[in-house]
Amino acid sequence: MEQGYNFAYLDEATKRMIRRAILKAVAIPGHQIPFGAREMPLPYGWGTGGIQVTASIIGPNDTLKVIDQGADDTTNAISIRRFFARVAGVATTEHTAEASIIQTRHRIPERALREDQILVYQVPMPEPLFRLEPRVAETRRMHALAEYGLMQVRLYEDIARLGRIGTAYNYPVMVNARYLMSPSPIPAFDNPKMDRMPALQLFGAGREKRIYAVPPYTPVKSLDFDDHPFRAIRAPHACTLCGSTSSYLDEVVTDDRGGRVFVCSDTDYCQSRREKAA
Amino acid sequence: MSWALKAEGLAKSFTLHLQNAARIPVLGGVDLAVAPGECVALSGPSGAGKSTLMRCLYGNYGAGAGRILIRHRGEEMDLATAPPRLVIEARRESIGYVSQFLRVIPRVSSLAIVAEPLVARGVARGQAEAHARALLLRLNMPERLHALPPATFSGGEQQRVNLARGFAADYPVLLLDEPTASLDAANRAIVVALIDEAKARGAAIIGIFHDAEVRDRVADRLFTVQPIPDAA
Amino acid sequence: MTPLLEASGLSLRFGAIRALDDVAIDVWPGEVLAIVGESGSGKSTLLRVLSGQQAAEAGTVRYDGADIRSLSEAALRRLSRSDWGFVHQNPRDGLRMAISAGGNIGERLMANGARHYGDIRAEALAWLSRVEIDPARIDALPRTFSGGMQQRLQIARTLVTRPRLVFMDEPTGGLDVSVQAKLLDMLRGLVRDLGLSVVIVTHDIAAARLLAHRIVVMRHGRVVEEGLTDRVLDDPQHPYTQLLVSSVLAA
C-alpha cells in the first residue's frame, strides 16, 4: 500500500460524511442525497463519484472489480483498479463471482449478483428530469410530490415520433414505486437486472455531488405504457467469441471494408463461457 | 286576480356620472300585474319609458325601487333583488325577452341561435334544432339561410331569427319589444298567430307594439306608461 | 347549492400600491365570471391569488369549502392539474414548445396517471378536432402553429382533464380581431358543453358580454361594481363602469 495516504485515499471524516449520505440514500431508495464531493486525482466524468463511494465503503478484506462498458481491461477500469490497489492495498479481480465490490460505468454484469456484493455505479447526471425541466428547484418539487407525468410525456414523444420508446440507455425507472431515478447510462437491456437485485446498488455522481441507492430486493420498474410495455433490447446476434445469445453485445468494426462482429460487452462473462466450453 | 308577472312600486332613474352626475328619472311607482294568457300592450308617448320598463322587467336594467315578481320553479321570485345566477336561471326557464335588435354572435348559425334556449334547458340538440327549423320555416326563413350566421341578414330577417328564438322555448312570461317593426304583412300575421298560440297555452305577454293593427289584434288591454315630468 | 370558489377580505399591497383592497368574490358551479378593469386595476393579481399562485396578506379563498391556504402544496398542485385549469394570455406560458401538440394535450392525462398510449393519443386527437386544429398536426411542434392555434391548443391541453374551474388571463389578448371572435365562440361552446366554471380576466368588454354570466369591475384593487353581465354593461351604476362602458365602440 502506498505510504502517505490515508486508507483508500479519502480522510476518515470525509468517508464518514459520505457513509452518512449513503445510509440516508439506502433509507430513501431512489432519492438523491447531496454530499460534499471532494476533488479526486482524476477528471470529472471519469468516475469521481463512484470512486468516492467505493473509497468510503471499502475495507482491507474487500475484493474489488472495476468495469467500464462491461470490460475489465479498458483504461478507466484499469486505472481505478490500480488506484485502489495502491491507496487501499485491497485485492482486485476481474471475476464477477469473486468480487465483493464492483464499481461500474455503463453496465451491470451478466452474472447475477449476490447479497454479499455491492454494485457501485458511476453517474454523470443523477437528475432524470434535467432535460425536461431546466429549473433545479422545480425538479426537486416534482420529486417531492412524485409528479412524474413529464417523464411519461418524453416516452410518449418517443412513440409518437419513432413508433416505439427510443431510449436505449439511461432508461428512467421508478424505485420502490416512489422515486423516479436515473439508472446511469446503462443500456435499457440491464434495467430488469436492477429489479429486486440481492446486491446493494449505490450510485455516485461526483460533479453533481449526489448519492443515491437501491437497497437489496427493492422493486425497480422501467417506465412504460400499458400498450407499449418496456422491452429489454439486445442486438439480434450470437457472440462471435462465446456464442451467447442472451448477453448484451458490442458491435466491433474489424476492418475498413464494413466488416464487423458482435461480442459480449461483459468480458469476464464471455471469457468464463469460453473457458467452460474449452 | 292570479298573476304571472307583477311589478309593484317600480321606479327607475339613471345617474349619468360622466355628465356631472345628472339624474334622469324615467319610471316612478309603476304597478302592473299580468295574468297567465293575457297580453298587455304598453302605451304612452315616445320617450315615456316603455322600453326602459321592459328592460327592468327582464332584469336588464336594475330597478331603483319596487319589486318585479314572477313565478319561477313554483315560487315567487323578485327579479329586482334576485342574485344574478337566479336571474339567469329564471331567464332560462320562466321569462323570455325578444329585443328589438338581434345581438349577433360571430360564426353562430341562425339555427343554433334559435335552438340555444332549448339546448340551455337541456333539450337534446337534434330535437332543439328540429323545433328551431320548424319555427324558422314558419316565419318564412328558407332553409338555406338556417346554417348562416345572421350578421349579413336584412333587418326583417334578423328580426324573424330573433322572434323564432323568443318563441322557441315556451316561456310562461314573454316580453316583446316591437316584434313586428321590420316585418311585412304576411310575417306580421304569423307573429300575431304565434302570440295567440302563446296566450292559449297560458303565457303572459307584455309588448310594445307601434303597429296599431297588431296591437289591437293581440292586446287584451293597454297599460299606459306616464312620462315623469322633468325634475330639472 | 353553494359557491365553488369563495373569496373574502382579500388584501395585498405591493409597496405603496394596493393591488387588492378587501376583495370578496364568489363563483358558482357552471358560472362564468368576468373580471374587467384597466391595466393595474388588480385583476391579474386577483386571478393569481384565487388560483393559489400567490398568497394574499389578508383574507381567505375557499374552493369547494376548503381554505386553499390550508391545503398542502401537493394537494394544491394536484388540484391545479385536475380540478382546475389555467389559460395564459401568452400561449408560450401555457404550452411546452419543444413537445408535440399531442404530448401537450396528453401531459395532464399522464400527470394524472394515464398509462395507455393509444387512449392518450385518441383523446388528444379528439381534442384537436374539438378546438378545430387539423388532427393530422398531432405530432407537430406548437411553434409551427399560428397564434390562434397555439391558444386553442393551450385550451385543449387545459380542458382535457375536464376541470371544474378554469382561470383565464386575457385569453384573447394577443390575437387578431378576426381570430378573437373564433376563439371566443369556441370558448363559449366549450364552457356550456362542459358545464365549466370560469374566472376570466379581460379588458375586452365585448368578450365579457359574450362569455360571462356575471361581471366584476375592478379599479385600484377594489371591486367597484358587480352583477349580471348585461345589467352591469347596459345599466352601469359606478362612474368608473360608466366610463369603461362608454369607451367601448359598440360592445
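Per an unreviewed UniProt entry, chain C goes by the name Phosphonate C-P lyase system protein PhnK and belongs to Plastoroseomonas hellenica.

Per an unreviewed UniProt entry, chain B goes by Phosphonate C-P lyase system protein PhnL and derives from Plastoroseomonas hellenica. Recorded in UniProt for chain B, the comment headed Sequence similarities (unreviewed entry) runs: "Belongs to the ABC transporter superfamily."

Engineer: Looking at this structure, I do not really get the arrangement of the chains. What am I missing?
Structural biologist: Counting contacts across all 2 pairs of chains that touch, the top pair turns out to be chains B and C. Across all C-alpha pairs, the smallest distance from chain A to chain B is 34 Å, and the two are not in contact.

Engineer: What should I look at first to understand the pairing of strand E8 (residues 197-202) of chain C in this one?
Structural biologist: Moving residue by residue along a regular strand, the side chains alternate between the two faces of the sheet. Residues and elements named next belong to chain C. Across the 6 residues that make up E8, a large majority, 6, are buried. The pairing of strand E3 (residues 32-36) with E8 spans 5 bridges and is parallel. By the bridge assignment for E8, Ile-35 is matched with Val-201. Handedness of the strand E7 (residues 165-169)-helix H7 (residues 177-194)-E8 crossover: right-handed.

Engineer: Hey, could you run me through the interface of chain C and chain B in this one?
Structural biologist: Contact with chain C, which involves 28 residues of that partner, is made by 25 residues of chain B. Its largest share of buried area at the contact with chain B, chain C owes to Leu228(C), Arg231(C) and Asp235(C), together 25% of the area lost on that side. Connecting chain C to chain B are 7 salt bridges. Across the pair Arg107(B) and Glu132(C) runs a salt bridge whose closest N-O atoms are separated by 3.3 Å. For the pair chain C and chain B, the number of links is 15 residue pairs in polar contact (both at pLDDT 80 or more). When contributions to the side of chain C that touches chain B are tallied by element, the ones reaching two or more residues are H7, helix H8 (205-211), strand E10 (222-228), helix H9 (229-234) and helix H10 (239-246) of chain C. Along the lines of polarity and charge, the residues of the side of chain C that touches chain B split into 9 nonpolar, 6 polar and 13 charged.

The rules behind these values
- Counting restarts for each chain, with residues numbered from 1 along the sequence as it is written.
- Key to labels: chains lettered from A, ligands numbered from 1, both in the order written.
- pLDDT decides what is reported in this predicted model: residues at 70 or higher carry local features, side-chain atom pairs at 80 or more are listed and counted, and totals for whole chains, interfaces and linings draw on all residues regardless.
- Side-chain numbers come from the whole structure's heavy atoms, not from hydrogens or water.
- UniProt positions are given in the numbering used here, feature names are shortened, and annotations may be inferred rather than shown by experiment.
- We call two residues in contact whenever any of their non-hydrogen atoms come within 4.5 Å of each other.
- A simple rule labels every residue: compare its accessible area, found with a 1.4 Å probe on the protein chains alone, to the largest value its type can have, and call it buried under 20%, exposed over 50%, or partly exposed in between.
- A run of DSSP states H or I qualifies as a helix once it reaches four residues; a run of E qualifies as a strand once it reaches two. Both are numbered from the N-terminal end.
- Two strands are counted as paired when DSSP detects at least two bridges linking them.
- Crossover handedness is defined here as right-handed if the route from the first strand over the helix to the second strand goes clockwise, with the strands pointing away from the viewer.
- By buried area we mean how much accessible surface two parts lose on assembly, using a 1.4 Å probe and totalling the loss over both.
- Definition used for salt bridges: Asp or Glu carboxyl oxygen within 4 Å of a side-chain nitrogen of Lys or Arg.
- Contacts described as polar in this section are N or O atom pairs within 3.5 Å, which, within protein, must combine one atom able to donate a hydrogen with one able to accept it, while residues neighboring in sequence count only if both atoms come from side chains.
- The nonpolar class holds Ala, Val, Leu, Ile, Met, Phe, Trp, Tyr, Cys and Pro. Asp, Glu, Lys and Arg form the charged class, and all remaining residues, Gly among them, are polar.

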